[in-house]
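Observations on chain architecture
Each chain, written out:
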Amino acid sequence: MSPVETSVSARKRRHSLALTVGLVLVGINLSVAVLTLFWTPYDPLNASGGRLEAPSLLHWLGTDRLGRDLLTQLMIGARTALLVGIGAIAIGAMIGVSLGVVAAFATRLADDVMAATLDILIAFPTLLLAMLVVAASDSASLWTAILALGLAISAIVARLTRILAKRVLRQDYIVASRTSGTSWVGVVFRHVLPNIWPTLSINFALQFGLAVIAEASLSYLGLGAPPPNASWGRLLQEAQGTVYTAPIGAIAPGLALVALVIGMNLLADGLRDIADPTRGRSR
Amino acid sequence: MTALLDIRGLTIRTGDKPLVSDLSFTIRPGERIGLIGESGSGKSMTAMAATGLLPPSIAVTGSITLDGQQVVGAADKVMNRLRGVAAAVVFQEPLTALDPLMKIGRQIAEPVRRRLERDGGTASKDAIGREVRDLIDKVALPQPDRIINSYPHEVSGGQRQRVAIAMALACRPKILIADEPTTALDVTTQAEILKLLDQLVRETGMALLFISHDLPVVAQVVERVIVLKNGFAIEEGPVGTVFDKPHHDYTKTLVEAARLFDEALGTTGS
Ligand SMILES: Nc1ncnc2c1ncn2[C@@H]1O[C@H](COP(=O)(O)OP(=O)(O)OP(=O)(O)O)[C@@H](O)[C@H]1O
Ligand SMILES: [Mg+2]
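Keep in mind the model is a prediction, meaning the values are calculated, not measured. (Residues numbered from 1 in each chain as written. Chains lettered and ligands numbered in written order. Predicted model: local features only at pLDDT ≥ 70, side-chain atom pairs only at ≥ 80, totals over all residues. Heavy atoms only, no water.)

**What about the overall build of chain A?**
Under the convention used in this document: Strands here are runs of E lasting at least two residues and helices are runs of H or I lasting at least four, both read from the DSSP assignment and numbered beginning at the N terminus. Only protein chains enter the accessibility calculation, which uses a 1.4 Å probe; a residue is then buried when its area is under 20% of its type maximum, exposed when over 50%, and partly exposed in between. To measure how exposed things are, a 1.4 Å probe is used in the Shrake-Rupley method; for residues, cover is taken only from the protein chains shown. When charges are counted, neither His nor the chain ends are considered; positive counts come from Lys and Arg and negative counts from Asp and Glu. Here the site of a charge means NZ on Lys, CZ on Arg, CG on Asp, or CD on Glu.
A count of helices and strands for chain A gives 10 helices and 0 strands. Ordered by position from the N terminus, the helices and strands of chain A form the series α-α-α-α-α-α-α-α-α-α. If you line up chain A on its principal axes, its C-alpha atoms span 75 × 55 × 35 Å. Residue burial in chain A is summarised as follows: out of 283 residues, 47% are buried. Of the roughly 13,800 Å² of accessible surface on chain A, 70% is carried by carbon and sulfur atoms. If you average the places of the 21 positive and of the 15 negative side-chain charges in chain A, the two averages end up 10 Å apart.

This is the structure:
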């Protein structure tokens with residue numbers, strides 16, 4: 001085997017580890033989320049036991065302060081987390097990548113204006129943005145939370161895309177491709193997007209985690225999904241007062257959140273290594 | 001015969017600094033011209049100007065006619081119809097001139113597809129695949145199956161330059177602009193690539209603008225040379241004449257340097 005071929009197979013092996021763990025963590029979350037559409041251990045809205053019961057065979061994770069089954073709440077939270085994360089990233093990616101690419105091509109003045117606008121938007125607290133969105137749409141719902149988070153993410157994504165795209169556009173292979181007659185649109189789709197994707201996807205995974213966490217704060221302020229939509233963030237907030245007497249109420253949603261965020265990051269890492277074959281050699 | 005590339009009074013400057021001054025030369029179909037000069041003399045600038053791809057911060061005046069179309073001041077859309085069709089370029093550094101994240105087969109397929117569509121032919125996957133293999137054969141790349149599925153960093157420098165040449169050939173340009181295509185390669189590979197370029201240019205009958213700082217290299221593939229110094233053309237003529245009876249002191253030093261290099265090789269090497 002030539003050195004090149006060895007490094008290729010070593011690369012594939014390493015991918016597969018990060019990818020497998022990531023796929024398992026995200027996969028479990030996804031399966032649970034889908035399952036809750038059809039079945040949950042108990043009624044998520046009504047008490048099914050005493051208040052703050054310790055874990056038992058009937059209630060594997062115990063009950064919350066209203067006597068509802070905690071495992072049920074946690075499972076519904078998985079659905080909310082995925083919905084928030086995926087929805088916010090989808091909005092953020094669509095708006096952010098388009099804006100960023102346009103900014104990368106813009107003339108000096110337009111580019112400066114865009115860069116300054118993005119910096120202001122990024123400095124703007126997500127919470128304030130969420131309040132504006134809620135105010136504009138008259139009521140708080142899961143969707144206004146997702147929209148607000150998506151808009152906040154789009155500013156961050158746009159700024160990153162702009163920097164990455166500018167760097168790619170300076171590369172020799174762009175000029176080389178242009179000399180053979182590739183149009184600017186062709187350059188964007190064939191060279192710029194594939195070359196910035198590995199870095200962008202990692203950022204998406206990071207933003208995904210932040211969005212899920214941010215949704216918790218929004219819920220707490222009444223700007224997120226109103227009850228009965230259980231979310232891990234709200235479970236965490238609700239468990240605050242009883243963290244010493246019933247710690248499982250805080251530990252369980254905390255662990256679930258960490259597992260999903262880590263899973264997303266591993267998945268993105270694994271996918272990035274596939275998208276960027278040049279990385280295999282240097283590590 | 002009308003000129004394929006006609007450069008008249010070309011001046012290129014950034015701010016007040018002239019990079020190329022009042023340069024004029026003509027390349028007719030099938031002609032092979034060498035542009036030589038030391039590093040920084042403006043050779044690459046001239047090549048980029050000919051395809052209308054200089055950055056907007058660089059001002060171009062004078063006239064460049066490529067295949068009957070005025071390049072200076074032309075809209076990008078107009079130029080884009082000319083790029084690849086009238087002229088294609090092979091660059092000095094084959095690693096950076098290829099997209100690191102695109103498999104080589106796909107990179108060659110791109111200009112092939114564009115040309116097939118341009119000619120009104122069918123750009124079916126099969127037709128493109130066949131052409132890509134043909135081109136890989138033409139530039140004598142070994143193991144076509146592996147090369148097609150490799151990324152640029154997975155093949156050698158010489159092989160990368162063969163890929164770049166294949167991509168340029170895929171366009172079937174009327175003129176090939178080769179900007180120091182062998183400088184980044186070792187001496188043996190350099191000789192092979194030169195031979196390949198020479199053979200391909202003769203076979204296809206396309207014109208050649210060969211850029212180099214190395215007079216003996218240029219002499220192998222062109223008929224006429226233009227010597228550039230600090231952006232000025234200081235000497236022009238048939239390659240033999242310039243080589244044997246250089247007029248300008250600068251050209252003399254280029255010839256002398258080449259002779260000394262050859263001698264050094266002769267005494268220490270074979
Ligand atoms: N983007 C740019 N902006 C301003 N000046 C530039 C730019 N690129 C190159 N130059 C300058 O233009 C001059 C001519 O450069 P050019 O690249 O044409 O040289 P060259 O003859 O191709 O040299 P080499 O043999 O090193 O490739 C150099 O002095 C260089 O510093
Ligand atoms: Mg150069």
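**So, the overall build of chain B**
How we decide: Just to be clear, the radius of gyration here is over C-alpha atoms, and the globule rule we use is 2.2 Å times residues to the power 0.38. By definition in these notes, contact holds between two residues if any of their heavy atoms fall within 4.5 Å.
The helix and strand tally for chain B stands at 10 helices and 10 strands. For a compact globule of 270 residues, the expected C-alpha radius of gyration is about 18 Å, and chain B comes in at 19 Å, within 12% of that figure. Projected onto its principal axes, the C-alpha positions of chain B cover 55 × 50 × 35 Å. If you take every contact in chain B between residues at least 6 apart in sequence, the share linking residues at least 24 apart comes to 65%. When the accessible surface of chain B is totalled, it reaches about 12,000 Å², and 53% of it is carbon and sulfur.

**Regarding the side chain of asparagine 195 of chain A**
To keep it simple, the criterion reads: N or O atoms within 3.5 Å of each other form a polar contact, as long as, within protein, one can give a hydrogen and the other can take it, and as long as residues adjacent in sequence are counted only when both atoms are side-chain atoms.
Structurally, asparagine 195 of chain A is set in helix α7 (residues 184-220). A distance of 3.4 Å separates the side chain of asparagine 195 of chain A from the side chain of tyrosine 173 of chain A, its partner in a polar contact. Setting aside residues up to four positions removed in sequence, asparagine 195 of chain A forms contacts with Val168 and Tyr173 of chain A together with Asp99, Pro100 and Leu101 of chain B.

**Brief notes about the site of ligand 1**
All names here are of chain B. Selection rule: To be near a molecule or strand, a residue needs just one of its heavy atoms within 4 Å of it. Under the grouping applied here, Gly and all other residues not named as nonpolar or charged are polar, the nonpolar ones being Ala, Val, Leu, Ile, Met, Phe, Trp, Tyr, Cys and Pro and the charged ones Asp, Glu, Lys and Arg.
Taken together, Thr14, Leu19, Glu38, Ser39, Gly40, Ser41, Gly42, Lys43, Ser44, Met45, Ile58 and Glu180 form the complete shell of residues around ligand 1. One of the side-chain nitrogen or oxygen atoms of serine 39 is found 2.5 Å away from an oxygen atom of ligand 1. Within the complex, 64% of the 640 Å² of free accessible area of ligand 1 lies under protein. Here the shell around ligand 1 gets 3 residues from one element, more than from any other, and that element is helix α1 (residues 43-50). Looking at the shell around ligand 1, its residues break down into 3 nonpolar, 6 polar and 3 charged.

**Quick notes on the sheet that holds strand β9 (residues 224-229) of chain B**
All names here are of chain B. Filter applied, for reference: Strand pairing is defined by DSSP finding a minimum of two bridges between the two strands. Between N-to-C directions, angles span 0 to 180 degrees; the directions come from axes that are lines fitted to C-alpha atoms, helices contributing only their stretch in contact.
Spatial ordering of the open sheet is given by β6-β7-β8-β3-β9-β10, a layout of 6 strands whose pairing is mixed. Every other strand in the sheet has two partners, leaving β6 (87-90) and β10 (232-238) as the edge strands with one partner each. Neighbour to neighbour, the strand axes of the sheet diverge by 15 degrees on average, direction disregarded. Judged from the 4 bridges that link them, β6 and strand β7 (residues 175-179) form a sheet pairing that is parallel. The residue bridging valine 90 from the neighbouring strand is alanine 178, located in β7.

**Here's the deal with the interface of chain B and chain A**
Formally: Here the quantity called buried area is the total loss of accessible area, with a 1.4 Å probe, experienced by two parts when brought into contact, counted for both. Any Lys or Arg side-chain nitrogen located within 4 Å of an Asp or Glu carboxyl oxygen qualifies as a salt bridge.
Counting residues at the interface gives 25 residues for chain B and 25 residues for chain A. Between chain B and chain A, the buried area comes to about 2,100 Å², and carbon and sulfur atoms account for 57% of it. It is Leu101, Arg114 and His153 of chain B in chain B that bury the most area against chain A; as a group they hold 28% of the surface buried on that side. Across the salt bridge formed by arginine 178 of chain A and aspartate 76 of chain B, the nearest N and O atoms sit 2.8 Å from each other. Across the contact surface, chain B and chain A share 9 residue pairs in polar contact (both at pLDDT 80 or more). For the side of chain B that touches chain A, the secondary-structure elements that each account for two or more residues are α2 (76-82), β6 and α3 (104-118) of chain B. Counting residues per element, the side of chain B that touches chain A draws most heavily on α3 of chain B, at 4 residues. Classifying every residue of the side of chain B that touches chain A gives 12 nonpolar, 5 polar and 8 charged.

**Brief notes about the packing of aromatic side chains**
What characterises a pair of aromatic rings is the spacing of the ring centres plus the angle enclosed by the ring planes. The cut-off we apply is this: Only Phe, Tyr and Trp rings take part, Trp by its six-membered ring, and two of them pair if their centres are within 6.5 Å. Stacked means planes under 30 degrees apart, edge-to-face means over 60, and tilted covers everything else. In this scheme, the term charge over a ring applies when either NZ of a lysine or CZ of an arginine sits within 6 Å of the ring centre and within 35 degrees of the ring normal.
Evaluation of the coordinates by the stated rule reveals 2 aromatic pairs over all chains. Across the ring face of tryptophan 184 of chain A, the terminal group of arginine 178 of chain A is positioned such that the distance to the ring centre comes to 3.9 Å.

**Observations regarding the sheet that holds strand β4 (residues 59-66) of chain B**
Residues and elements named next belong to chain B. Strands sit in the order β2-β1-β4-β5 across an open sheet of 4 strands; the sheet is antiparallel. Every other strand in the sheet has two partners, leaving β2 (17-27) and β5 (69-70) as the edge strands with one partner each. Direction of pairing for β4 relative to β5: antiparallel, over a ladder of 2 bridges. Bridge pairing links leucine 66 to glutamine 69 in β5. The strands touched by α1 within the sheet are β1 (5-14), β2 and β4, with β1 carrying the most contacts at an inclination of about 120 degrees.

**Some thoughts on the pairing of β9 of chain B**
Residues and elements named next belong to chain B. Looking at chain direction, strand β3 (residues 32-36) and β9 are connected through 4 bridges and run parallel. What sits directly across from glycine 34, in β9, is valine 225. Taken together, β9 and the strand that follows it, β10, pair antiparallel across an intervening segment of 2 residues, in which asparagine 230 is found at a positive phi of about 50 degrees.

**Here we look at helix α5 (residues 142-169) of chain A**
Where we set the bar: Expected helix span is computed as 1.5 Å times (number of residues minus one).
For α5 of chain A, which comprises 28 residues, the first-to-last C-alpha distance of 39 Å matches the rise-based estimate of 40 Å (1.5 Å per residue) to within 8%. Its side-chain oxygen placed 3.1 Å from the backbone nitrogen of tryptophan 143 of chain A, serine 141 of chain A serves as the N-cap of α5 of chain A.

**With respect to the packing of α7 of chain A against helix α8 (residues 232-239) of chain A**
All names here are of chain A. As a reminder, the rule being used: Roughly parallel means an angle under 35 degrees; roughly antiparallel means over 145; roughly perpendicular covers 65 to 115; every other angle is labelled oblique. Two helices crossing with the near one rotated counterclockwise from the far one by less than a right angle form a left-handed crossing, whereas a clockwise rotation gives a right-handed crossing.
Packing of α7 against α8 leaves a shortest axis separation of 7 Å and a crossing angle of 55 degrees. Between α7 and α8, the crossing angle belongs to the class labelled oblique. As for how α7 packs across α8, the hand of that crossing is right-handed. When α7 is examined against α8, the residues Ala216, Ser217, Ser219 and Tyr220 are found in contact with a partner set consisting of Gly233, Arg234 and Gln237.

**Section: helix α6 (residues 172-179) of chain A**
The buried fraction of α6 of chain A amounts to 6 of the 8 residues, a majority that puts the element mostly inside the structure. Burial in α6 of chain A covers these residues: Tyr173, Ile174, Ala176, Ser177, Arg178 and Thr179 of chain A. Considering only its buried residues, α6 of chain A is in contact with α5 and α7 of chain A together with α1, α2, β6 and α3 of chain B.

**Describing the side chain of threonine 179 of chain A**
Summarising the element assignment, threonine 179 of chain A is placed in helix α6. By relative accessible area, which is 1% here, threonine 179 of chain A ends up buried. Within the local environment of threonine 179 of chain A, its side chain forms a polar contact with the backbone oxygen of alanine 176 of chain A, the two atoms lying 2.6 Å apart. When residues no more than four places from it in sequence are discounted, the contact partners of threonine 179 of chain A are Met48, Thr51, Leu53, Arg83, Gly84, Ala87, Val89 and Phe91 of chain B.

Honestly, it's all geometry; don't read function into it.
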